[in-house]
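Reading the structure
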Amino acid sequence: RSAGIIGAAFWRGQSRLGVHEGPDRIRSSGLLERLKQQGCAVKDYGNLVFDDVDESSVGLLKSVAAVGGANRRLSEAMKAVKMDGHTAVMLGGDHSLAIGSIHGHSAAVGELSVVWVDAHADINTPLTTYTGNFHGQPMSFLLHELHSKVPVLPNFSWVKPCLSAKDLVYIGLRDVDPAEHYILKMLGVKVFSISEVDRLGVARVMEETCDYLTTRGKKPVHLSYDIDAIDPSVTPATGTPVVGGLTYREGVYITEHLSQTGLLSAVDLVEVNPQLGKTEADVQSTVNTAVDLLLGCFRRLREGNHPTDYT
Ligand SMILES: N[C@@H](CCCCC(O)O)C(=O)O
Ligand SMILES: [Mn+2]
Ligand SMILES: [Mn+2]
């Protein structure tokens, strides 16, 4: 297995400064070295350089052209990493980056499944959002079923919907807007909210997630992991924390399980904001958890591991 790392130091999908420091902070905590130590080949594609575009708003929508431009650049980069044969790792940056990440992944592999691990559904449209923050809207640009609900926006005309609602599963939802809840119900999207995690346990959630996604054939899986899915007591350094989240153990189990399917083709790790930890320990706990989640995506098991070239 090999990992292709892309840093997307982008924050204009939301309004709290600092999330652009995520990629370098995750790297400096030893992600690449730890991946190599566990037998994974690693290629670091560095941090994307985003053109300066006007950050003007369109009505409530903030930094529209900047978000569209950054995601177009990311989409091109993701496609290139996948064409190079790696499992792609996109380090955010805010969750609006999932637009480019999933779009570029799909440009390389065609049809894919998405597992979205998050406290939030991020499925507002530009017309239902009440904050204007694009990190709450990425899914609306990606789903075929919502295409007619998304208005034409500057720097977004390159985005082509690339995901069907039946190929999407949410895990960890606990802060969903009414409009989002209506959309999820209307489209019949598969959701394992935190209540289902409580009711079923994470092992059953993952079994059902994988059964659901593979009934119509095995597609490459795109795991979009928002660090705020994890409980804020573990990962406080993030922009939209919500109490009652996944434990560290549940969070890592999700990645161990998906890694063992052999279908994991790209991972986003977003919304780590080093400026939002009250203490350095808060930041380190958040970043360490992000690194451990990513290591779990590349076959690290908590039971222990040894080099495959041992007999
Ligand atoms: N639903 C809220 C909060 C979104 C949180 C975004 C995060 O999950 O990436 C909004 O639309 O602004
Ligand atoms: Mn979130
Ligand atoms: Mn999110």
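As shown above, the structure is provided for reference.
Residues numbered from 1 in each chain as written. Chains lettered and ligands numbered in written order. Predicted model: local features only at pLDDT ≥ 70, side-chain atom pairs only at ≥ 80, totals over all residues. Heavy atoms only, no water.

Moving on to the overall build of the chain. Counting its regular elements, the chain contains 10 helices and eight strands. Relative to its length of 311 residues, the chain is compact, with a C-alpha radius of gyration of 18 Å against a globular reference of 19 Å. Considered along the principal axes of its C-alpha atoms, the chain spans approximately 60 × 40 × 40 Å. With 311 residues in all, the chain has 58% of them scored as buried. Carbon and sulfur atoms provide 52% of the accessible area of the chain, an area that totals close to 12,400 Å². Separation of charge centres in the chain, based on 29 positive and 36 negative side chains, amounts to 4 Å. (Helix = DSSP H or I, 4+ residues; strand = E, 2+ residues; numbered from the N terminus. Rg over C-alpha atoms; globule rule 2.2 N^0.38 Å. Buried < 20%, exposed > 50% of the residue type's maximum accessible area, 1.4 Å probe, protein only. Areas by Shrake-Rupley, 256 points an atom, 1.4 Å probe, with all protein chains shown as cover. Lys, Arg positive; Asp, Glu negative; His and termini not counted. Charge placed at Lys NZ, Arg CZ, Asp CG, Glu CD.)

One finds Ile26, Leu31, Ile171, Tyr225 and Leu269 to be the most contacted residues of the largest nonpolar core, which totals 47 residues. Looking at this core element by element, the count peaks at eight residues for helix H10 (residues 280–297). Ignoring any residue separated from it by four or fewer positions in sequence, one finds Ile26 in contact with Leu31, Leu91, Leu269, Val272, Val287, Ala290, Val291 and Leu294. Residues Ile6, Leu61, Leu97 and Ala266 belong to the second largest nonpolar core, which totals 26 residues. (Core = buried A, V, L, I, M, F, W, Y, C linked by side-chain atoms within 4.5 Å. Contact = heavy atoms within 4.5 Å.)

As a further point, take the site of ligand 1. Around ligand 1 sit 14 residues in total, of which Asp122, Asn124, Thr131, Asp177 and Asp226 are the nearest. Between an oxygen atom of ligand 1 and a main-chain N or O atom of His135, the distance comes to 3.3 Å. Here ligand 1 loses 96% of its free accessible area of 350 Å² to cover by the protein chains. Here the residues of the shell around ligand 1 sort into one nonpolar, six polar and seven charged. (Near = heavy atom within 4 Å. Polar contact = N/O pair within 3.5 Å; in protein donor to acceptor, adjacent residues only side chain to side chain. Nonpolar A, V, L, I, M, F, W, Y, C, P; charged D, E, K, R; others polar.)

Attention shifts here to the coordination of the manganese ion (ligand 3). For the manganese ion (ligand 3), the protein coordination sphere consists of His95 (ND1), Asp118 (OD), Asp122 (OD) and Asp226 (OD), at 2.1 to 2.2 Å. Angles of 57 to 173° at the metal separate the six donor atoms of the manganese ion (ligand 3), which places the site in the irregular class. Between the donor residues of the manganese ion (ligand 3), the gaps in sequence give the motif H-x22-D-x3-D-x103-D. (Donors = N, O, S within 2.8 Å, 3.2 Å for Na, K, Ca; no water. Tetrahedral: all angles 85-135°; square planar, octahedral: opposite > 155°, others 65-115°.)

Here the focus is the pattern of salt bridges. Under the defined criterion, the tally for this structure stands at 12 salt bridges. Among the ionic pairs, Arg34 bridges to Asp292, the shortest N-O distance being 3.8 Å. Of the two residues, Arg34 sits in helix H2 (residues 31–37) while Asp292 sits in helix H10, which places them 258 residues apart along the sequence. Each member of the salt-bridge network shares a partner with another, and the members are Asp24, Arg27 and Asp44. (Salt bridge = Lys/Arg side-chain N within 4 Å of Asp/Glu carboxyl O.)

Turning to the packing of aromatic side chains, a few remarks are in order. Considering all chains together, one arrives at five aromatic pairs under this definition. Ring centres 5.5 Å apart and planes at 70° place the aromatic pair Phe10 and Phe50 in the edge-to-face group. One end of the pair, Phe10, is in the loop between strand E1 (2–7) and helix H1 (22–28); the other, Phe50, is in the loop between strand E2 (41–47) and helix H3 (64–83), and 40 residues separate them in sequence. Where Phe134 meets Phe156, the ring centres are 5.3 Å apart and the plane angle is 20°; that geometry is what we call stacked. On the criterion of sequence distance, the pair formed by Phe134 in the loop between strand E4 (113–117) and helix H5 (138–142) and Phe156 in the loop between H5 and strand E5 (168–171) is long-range, its members being 22 residues apart. Classification of Phe134 by relative accessible area gives buried; the value is 0%. (Phe/Tyr/Trp six-rings, centres within 6.5 Å; stacked < 30°, edge-to-face > 60°.)

With that settled, the discussion passes to the coordination of the manganese ion (ligand 2). Taken together, Asp118 (OD), His120 (ND1), Asp226 (OD), Asp228 (OD) and Asp228 (OD) make up the full set of protein donors to the manganese ion (ligand 2), lying 2.1 to 2.4 Å away. Taken in chain order, the donor set of the manganese ion (ligand 2) reads D-x1-H-x105-D-x1-D. The distance between the manganese ion (ligand 2) and the manganese ion (ligand 3) is 3.3 Å, with Asp118 acting as a donor to both metals. Residue Asp118 is located in the loop between E4 and H5, and its partner Asp228 is located in the loop between strand E7 (221–226) and helix H9 (248–261); the two are separated by 110 residues in the primary sequence. By relative accessible area, Asp228 is classed as buried at 1%.

Across the sheet, eight strands lie side by side as E2-E1-E3-E8-E7-E4-E5-E6; this open sheet has parallel pairing. Edge positions in the open sheet fall to E2 and strand E6 (190–192), since each of these has one partner strand only. Between one strand axis and the next, the sheet turns through 15° on average, direction left out of account. Of the strand pairs in this sheet, E4 and E7 are connected by five bridges, and their pairing is parallel. Among the inter-strand pairings, Ser113 is bridged to a residue of E7, identified as Val221. (Pairing = 2+ DSSP bridges. Axes fitted to C-alpha atoms, helices over the stretch in contact; angles between N-to-C directions.)

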